[in-house]
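# Reading the structure
Residue-level listing of the chains:
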Amino acid sequence: MTDSDVSSARVAAYLREAILGGKLGPGDRIRQEEVAAQFGASRLPVREALRILEAEGLTELAPHKGARVPRLTQHEVEVIYQMRERLEPLALAESLPRLTAGDDEQLGKLQQRIEDNDDLEKFLGLDREFHLLTYRGCPVEPLSSAVTRLWNSTQHYRRSYVALGGQDRMWLVNAEHRLILDAVLRRDAVDGERYLAGHIRRTRVELSRHPEVFT
């Protein structure tokens, strides 16, 4: 296989899945030569892929160390969650008038799948799909991009949070999702913003009680 057969988008998709899926965790190095060898290509598409992922908040380039998955301190995660508490309700309010009946139906089906599921990794994927779908109608690209980047940067810590709570706490997640969904279906930005901010805040508060997640 040559570089002409291997696009940077394909390499980025592979690495994105590895990071969001937990195969690569905070602090893990991404060795360009190993990825290039796996695809049978040069480092060029790998370098381009890493630039794509850096813009998405999934990788960083450390001086003299190459690329790695960012490792955040507890304080950094606290601040990022506070940013999410402010930006995501705004994205939701901007999105609501542009969501369709098809979006409503898909959100309902996603939430039912979440409630019927008992697998951690499947939950993380469904939860991400649910929330990002509620923001899909947001017409302000810088806001949408910022929200996605913040989601990416906290993926590992969301996984830790869900693992800490286990199935015993899923009833609360589902109750909050149902409140958000109800506000979406009514196109009520005031309720939607309030429920969503509380939903994000609860994760932030729970994580603050578990410093071991960040060691």
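Residues numbered from 1 in each chain as written. Predicted model: local features only at pLDDT ≥ 70, side-chain atom pairs only at ≥ 80, totals over all residues. Heavy atoms only, no water.

## Some thoughts on the overall build of the protein
Helices and strands together make up the secondary structure of the protein, namely 10 helices and 3 strands. The order of helices and strands in the protein, counted from the N terminus, is α-β-α-α-β-β-α-α-α-α-α-α-α. The C-alpha atoms of the protein give a radius of gyration of 18 Å, which matches the 17 Å a tight globule of 215 residues would have. Out of the 215 residues in the protein, the part that is buried amounts to 45%. Each charge sign in the protein was given a centre, from 31 positive and 34 negative side chains, and these centres are 3 Å apart. (Helix = DSSP H or I, 4+ residues; strand = E, 2+ residues; numbered from the N terminus. Rg over C-alpha atoms; globule rule 2.2 N^0.38 Å. Buried < 20%, exposed > 50% of the residue type's maximum accessible area, 1.4 Å probe, protein only. Lys, Arg positive; Asp, Glu negative; His and termini not counted. Charge placed at Lys NZ, Arg CZ, Asp CG, Glu CD.)

## Concerning the sheet that holds strand β3 (residues 66-68)
Reading across from one edge, β1-β3-β2 is the order of the 3 strands in this open sheet, with antiparallel pairing throughout. On the outer flanks of this sheet lie β1 (29-30) and β2 (60-62), each paired with one strand and no other. Bridging between β2 and β3 involves 3 bridges; their strand directions are antiparallel. Across the sheet, residue A62 finds its bridge partner in β3, namely G66. (Pairing = 2+ DSSP bridges.)

## Details of the packing of aromatic side chains
Any aromatic ring pair is given by two values, namely how distant the centres are and how the planes are angled relative to each other. A complete count under the given rule lists 2 aromatic pairs for this structure. Ring geometry for Y157 versus F214: centroids 5.4 Å apart, planes at 15°, classification stacked. Taken together, the residues Y157 in helix α8 (residues 155-165) and F214 in the segment after α10 (189-208) connect sequence positions 57 residues apart. We note that Y157, like F214, is buried. One Lys or Arg, R84, reaches over the ring of W151 and ends 4.6 Å from the middle of that ring. (Phe/Tyr/Trp six-rings, centres within 6.5 Å; stacked < 30°, edge-to-face > 60°. Lys NZ or Arg CZ within 6 Å of the ring centre and 35° of its normal.)

## Some details on unusual backbone geometry
If you check the backbone angles, R187 has positive phi at about 55° while not being a glycine. In this fold, R187 is placed in the loop between α9 (170-186) and α10.

## Description of the side chain of D103
Along the chain, D103 turns up in helix α5 (residues 101-116). Those residues within four positions of D103 in sequence are excluded, and the remaining contacts are R98, L133 and R136. (Contact = heavy atoms within 4.5 Å.)

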